[in-house]
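# Commentary on secondary and tertiary structure
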Amino acid sequence: MENISAHRFTDGKPNLRRYQQARWDEPLIFELSQPGERAILLPELEPGIESATHDALQQLPPGMRRATAPALPELSQNRVLRHYLRLSQENLGADLNVDVGQGTCTMKYNPKINEQLARDARMSELHPLQDESTVQGILQVMHAMEQVICEVSGMDAVSLQPRSGSQAIYANIAMMRAWFESRGEGEQRDEIITTIFSHPSDAACAKVLGYKVITLYPDADGYPDLEAMQAAVGPRTAALIITNPEDTGIFNPRIAEFVAAAHAVGALACYDQANANGLLGITRAREAGFDLCHFNLHKTFATPHACGGPAVGACAVTAELAPFLPRPRVVKDGDRYRIDQGEAQSIGKVAAFMGTASIVLRAYAWVMNLGAEGLREVAEIAVLNNNYMMSQLLEKIEGLSAPYAAGKRRIEQVRYSWAELCAATGVSSGDIGLRAADYGTHYWTSHHPYVVPEPATIEPTEAYSRADLDEFVQIMARVAQEARSTPELVRSAPHNCPTKRVQDEYLEDPKRWAITWRAWQRKLAEHGSAV
């Protein structure tokens, strides 16, 4: 019998795990299909129901009726279960590893009690077209969550309809455009100012809505250049959209001056609070002078990221901008709640119905469990964890640095640089992140193009213990050591994972892409095994 603890600890201190991820050679679920297999046998229709509904499909317009049944895979229940459990074992994630390396994404623990609430039939079987009298509970939760966001941000009104942070940014910019159009300045104000280390969706959404984007770069200390901001604003400026702290983890202490510079020329100021996890209960958008802001509930408020959705972006605005919020909205009349179709000046819907109610419920449960003092403690621990990890990484690893603001503390994340190690060994930051997967974790580098050379973005959040953080630092130190002693081992990683290194040339060759089963079948027929 093997003593696992003897491998895991030496003199009471943890050693690196001997990690080997599961590999199942699991086919696609369509390839497992067997005609006639079923996971669930639906009950036969009762005669009365059948006679009453047999022509129900005829109620649909012809263009909405399928000519043939969808080609869905046919599997028994136990084979469905095995398939997805095997795939889950081939993943890394917040419930399996110390997931601090997906910096800026705020990967924190999602309490499972909140999952139970969201999956309760009284929630999961709600339909958005139910009569208001039958959904008073979730309307109350959504209204209460709006009040929470108002309190956290200092703003006056909130919409929880956007289904992602980027969609909330889009909605905020659309509201600002509608605001200026209502004042006859829509065509004049065609520029939006942002910073290079702000959330990239700020510039992207502005561009989608037709604005010219002006990007501010940091000064030697990593702060956005205030003089550049003052030189950029003018009668064409619609808004400043900025993240603070930026993705470097550096908080701009002169943020009120940036907001004032925008207001001085009649522009609006919009706060992207994607990086708010270290600010809860400490600073608010309103006190810094902002006119509107947004939060990502799947980041700051501990709801699941779920591989890109469903999520919720919460738009918060001052009373002056409230008429432009997406509609419909939840309104409280006495002790009842109703769905209001909104103001005539509303930008309209940015998502179907009221958004993702189950995510709002999870966030509401998380907030109510913590209370106001708990939210502030979240921020304090997130900042403490981040600065502890930064001190350990920089102290123990040669060749790693934290550009800008030398010697100063950061808020909730740091964008590090492996430039020195790369110059000495030829091992890139991407190589190191992939080699970390061989120890059961990973990290993300940065948005492209890289501004910080050989970047690595790490955000510990409040969800990880000191032992977790030490384990991550230990892994980084080991990989950095390997980069110097056996660089090819790192450059060819991962070795202990089900998926080996993906060659970049595949990503640039559309002939090798197949993002659907049908596309895969077509390319197999066309190119055979050469695909």
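Looking at an unreviewed UniProt entry, one finds the protein chain named glycine dehydrogenase (aminomethyl-transferring) and attributed to Paucibacter sediminis. The protein chain has a UniProt comment under Function (unreviewed entry) that states "The glycine cleavage system catalyzes the degradation of glycine. The P protein binds the alpha-amino group of glycine through its pyridoxal phosphate cofactor; CO(2) is released and the remaining methylamine moiety is then transferred to the lipoamide cofactor of the H protein."

## A short note on the overall build of the protein chain
When helices and strands are counted, the protein chain shows 18 helices and 13 strands. Its C-alpha atoms give the protein chain a radius of gyration of 26 Å, within 12% of the compact-globule value 24 Å for 531 residues. Its C-alpha atoms give the protein chain principal-axis dimensions of about 75 × 70 × 50 Å. By residue count, 46% of the 531 residues in the protein chain fall in the buried class. Taking as baseline every contact in the protein chain between residues at least 6 positions apart, the subset at least 24 positions apart corresponds to 73%. Element-wise, carbon and sulfur atoms account for 53% of the exposed surface of the protein chain, whose accessible area totals about 27,000 Å². Counting 51 positive and 65 negative side-chain charges, the protein chain places the averaged centre of each group 3 Å from the other.

## Here we look at the packing of aromatic side chains
Taken as a whole and assessed by the stated rule, the structure comprises 6 aromatic pairs. Where phenylalanine 295 meets phenylalanine 301, the ring centres are 6.0 Å apart and the plane angle is 75°; that geometry is what we call edge-to-face. Ring pairing ties together the aromatic residues Phe295, Phe301 and Trp366, which thus form one cluster. Its guanidinium or amino end placed over the ring of phenylalanine 9, arginine 8 lies 5.6 Å from that ring's centre, counting from NZ or CZ. Directly above the ring of phenylalanine 353 sits lysine 349, whose terminal nitrogen or CZ lies 5.8 Å from the centroid.

## Some remarks on a nonpolar patch on the surface
A surface patch of nonpolar side chains, amounting to about 310 Å² of accessible area, comprises Leu57, Leu60 and Met64. Turning to its location among the elements, methionine 64 is positioned in the loop between α2 (47-53) and α3 (77-89). Look at methionine 64 and you get exposed, because its relative accessible area is 57%.

## Re empty space enclosed by the protein
Under the criterion given, the structure shown has 2 cavities of 30 Å³ or more. Quantified by volume, the largest cavity comes out at close to 60 Å³. Lining the largest cavity are Met142, Glu146, Ser159, Leu160, Gln161, Pro328, Arg329, Val330 and Met354. Mapped onto the lining of the largest cavity, the elements with two or more residues apiece are α6 (136-153) and β10 (329-333). Per-class residue counts for the lining of the largest cavity are 5 nonpolar, 2 polar and 2 charged. Approximately 50 Å³ is the volume found for the second largest cavity. Taken together, Val152, Gln273, Ala276, Leu279, Leu280, Gly281, Thr283, Arg284, Ala285 and Phe295 make up the lining of the second largest cavity. The class makeup of the residues in the lining of the second largest cavity is 6 nonpolar, 3 polar and 1 charged.

## Overview of the layout of surface pockets
When its volume is computed, the largest pocket comes out at roughly 1,100 Å³. In terms of lining residues, the largest pocket is bounded by 36 residues, among which Met107, Pro304, His305, Ala306 and Cys307 are the most central. In terms of residues, the lining of the largest pocket owes the most to one element, helix α4 (residues 112-119), which gives 3 residues. Along the lines of polarity and charge, the residues of the lining of the largest pocket split into 11 nonpolar, 16 polar and 9 charged. If you go around the second largest pocket, you meet 28 residues; those closest to its centre are Gly430, Gly433, Leu434, Tyr443 and Val502. When contributions to the lining of the second largest pocket are tallied by element, the ones reaching two or more residues are α14 (429-436) and α17 (504-507). Partitioning the lining of the second largest pocket into residue classes produces 11 nonpolar, 11 polar and 6 charged.

## Here's the deal with the pairing of strand β8 (residues 292-296)
Of all 5 residues in β8, 5 are buried; the element is thus mostly enclosed. Pairing geometry for strand β7 (residues 268-272) and β8, over 3 bridges, is parallel. Opposite cysteine 270, over in β8, you have leucine 292 as the bridge partner. Across 5 bridges, the pairing between β8 and strand β9 (residues 313-317) is antiparallel. If you follow asparagine 296 over to β9, its bridge partner there is glycine 313.

## What to know about the UniProt feature "domain: Aminotransferase class V" (unreviewed entry) in the protein chain
Look at the UniProt record and you will see "domain: Aminotransferase class V" (unreviewed entry) annotated at residues 186-302. Helix makes up 26% of residues 186-302 and strand 23%. Its end C-alpha atoms lie 37 Å apart.

## Side note on the pairing of strand β4 (residues 191-195)
Consecutive side chains along a regular strand alternate between the two faces of the sheet. Burial of β4 is extensive: 5 of the 5 residues sit out of reach of the surface. The pairing of β4 with strand β5 (residues 212-216) spans 5 bridges and is classified as parallel. Looking across to β5, one finds that isoleucine 193 is bridged to isoleucine 214. At this point the chain moves from β4, through helix α8 (residues 200-208), to the parallel β5, and the crossover so formed is right-handed.

The rules behind each value
Residues numbered from 1 in each chain as written. Predicted model: local features only at pLDDT ≥ 70, side-chain atom pairs only at ≥ 80, totals over all residues. Heavy atoms only, no water. UniProt positions renumbered as here; feature names shortened; annotations may be inferred. Helix = DSSP H or I, 4+ residues; strand = E, 2+ residues; numbered from the N terminus. Rg over C-alpha atoms; globule rule 2.2 N^0.38 Å. Buried < 20%, exposed > 50% of the residue type's maximum accessible area, 1.4 Å probe, protein only. Contact = heavy atoms within 4.5 Å. Areas by Shrake-Rupley, 256 points an atom, 1.4 Å probe, with all protein chains shown as cover. Lys, Arg positive; Asp, Glu negative; His and termini not counted. Charge placed at Lys NZ, Arg CZ, Asp CG, Glu CD. Phe/Tyr/Trp six-rings, centres within 6.5 Å; stacked < 30°, edge-to-face > 60°. Lys NZ or Arg CZ within 6 Å of the ring centre and 35° of its normal. Patch = residues over 30% accessible without salt bridge, like charges linked within 9 Å, V, L, I, M, F, W, Y side chains within 5 Å. Salt bridge = Lys/Arg side-chain N within 4 Å of Asp/Glu carboxyl O. 1 Å grid on protein atoms, 1.4 Å probe; cavity = no way out; pocket = protein on both sides within 12 Å on 5 of 7 lines; lining within 4 Å. Points joined across faces, edges and corners; volume = space filled by probe spheres on them. Nonpolar A, V, L, I, M, F, W, Y, C, P; charged D, E, K, R; others polar. Pairing = 2+ DSSP bridges. Right-handed = clockwise from strand over helix to strand, strands pointing away.

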